[in-house]
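Structural overview
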Amino acid sequence: MSLATAIIVITLGLMVAMSVLAARRIAPRAERLTMQWNREGKPNWSLPRDAALAFTPALAAVVLIVIAMNGGMIVAILPVCVAFLGAHALHLILLARRSG
């Protein structure tokens, strides 16, 4: 396994683990979770709970696979992995603070 592939696998594994932990702790009774808030802090749109927690890891998987299949080198993959991990963490933190 190449270093780039290992980084992709680790990134996706971390994102899935983050979602699994969040599923247990963030608004456990909520059927839907907010995906975006407006400037006043009110939800713009939401998704069913499972879809909301799987959205960013699924998007990351698609983007990282496309990059890897097009000869993506570690210098291209690493910043994308960091960005996806950061975006997912931010979304989960905001969900926890606003109770879903």
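Residues numbered from 1 in each chain as written. Predicted model: local features only at pLDDT ≥ 70, side-chain atom pairs only at ≥ 80, totals over all residues. Heavy atoms only, no water.

Moving on: the overall build of the protein chain. For the protein chain, the count of helices and strands is three helices and two strands. Counting helices and strands in the order they occur from the N terminus, the protein chain gives α-β-β-α-α. By its C-alpha atoms, the protein chain is 40 × 25 × 20 Å across when sized along the principal axes. Put simply, the protein chain has 100 residues, and 31% of those count as buried. Considering only intrachain contacts with a sequence separation of at least 6, the fraction spanning at least 24 residues in the protein chain is 62%. (Helix = DSSP H or I, 4+ residues; strand = E, 2+ residues; numbered from the N terminus. Buried < 20%, exposed > 50% of the residue type's maximum accessible area, 1.4 Å probe, protein only. Contact = heavy atoms within 4.5 Å.)

Moving on: the environment of T11. Along the chain, T11 falls in helix α1 (residues 3-25). Apart from the residues lying within four places of it in its own chain, the contact partners of T11 are L64, C81 and L85.

This paragraph deals with the packing of α1 against helix α3 (residues 74-97). One can describe the packing of α1 onto α3 by two numbers: an axis separation of 10 Å at closest approach and a directional angle of 5°. With respect to each other, α1 and α3 are oriented roughly parallel. Taken together, the residues of α3 that come into contact with α1 (itself represented by L3, A4, I7, I8, T11, L14, M15, M18, S19 and A22) are I74, I77, L78, C81, F84, L85, H88, A89 and L92. Residue classes in the contact of α1 with α3 are distributed as 16 nonpolar, three polar and no charged. (Axes fitted to C-alpha atoms, helices over the stretch in contact; angles between N-to-C directions. Parallel < 35°, antiparallel > 145°, perpendicular 65-115°, else oblique. Nonpolar A, V, L, I, M, F, W, Y, C, P; charged D, E, K, R; others polar.)

A positive phi angle, close to 40°, is found at A27, a residue other than glycine. With respect to the secondary-structure elements, A27 resides in the loop between α1 and β1 (32-37). Overall, A27 belongs to the buried group, its relative accessible area being 16%.

This paragraph deals with the environment of A87. Position of A87 among the secondary structure elements: in helix α3. Separated by 40 residues in the primary sequence, A87 and L47 place their C-alpha atoms 17 Å from one another.

What follows is about helix α2 (residues 49-69). In this model α2 runs 31 Å from its N-terminal to its C-terminal C-alpha over 21 residues, within 8% of the 30 Å that 1.5 Å per residue would give. F55 marks the point of greatest bend in α2, at about 40°, and the proline P57 comes within the next four residues. Listed in full, the buried residues belonging to α2 are R49, A52, L53, T56, P57, A60, A61 and L64. On the buried face of α2, the contacting elements are α1, β1, β2 (43-48) and α3. Just past α2, the residue G71 takes up positive phi, approximately 75°. (Expected span 1.5 Å × (residues − 1). Bend = angle between axes of the 7 residues up to and from the residue.)

All we've got here are geometric facts, nothing functional implied.
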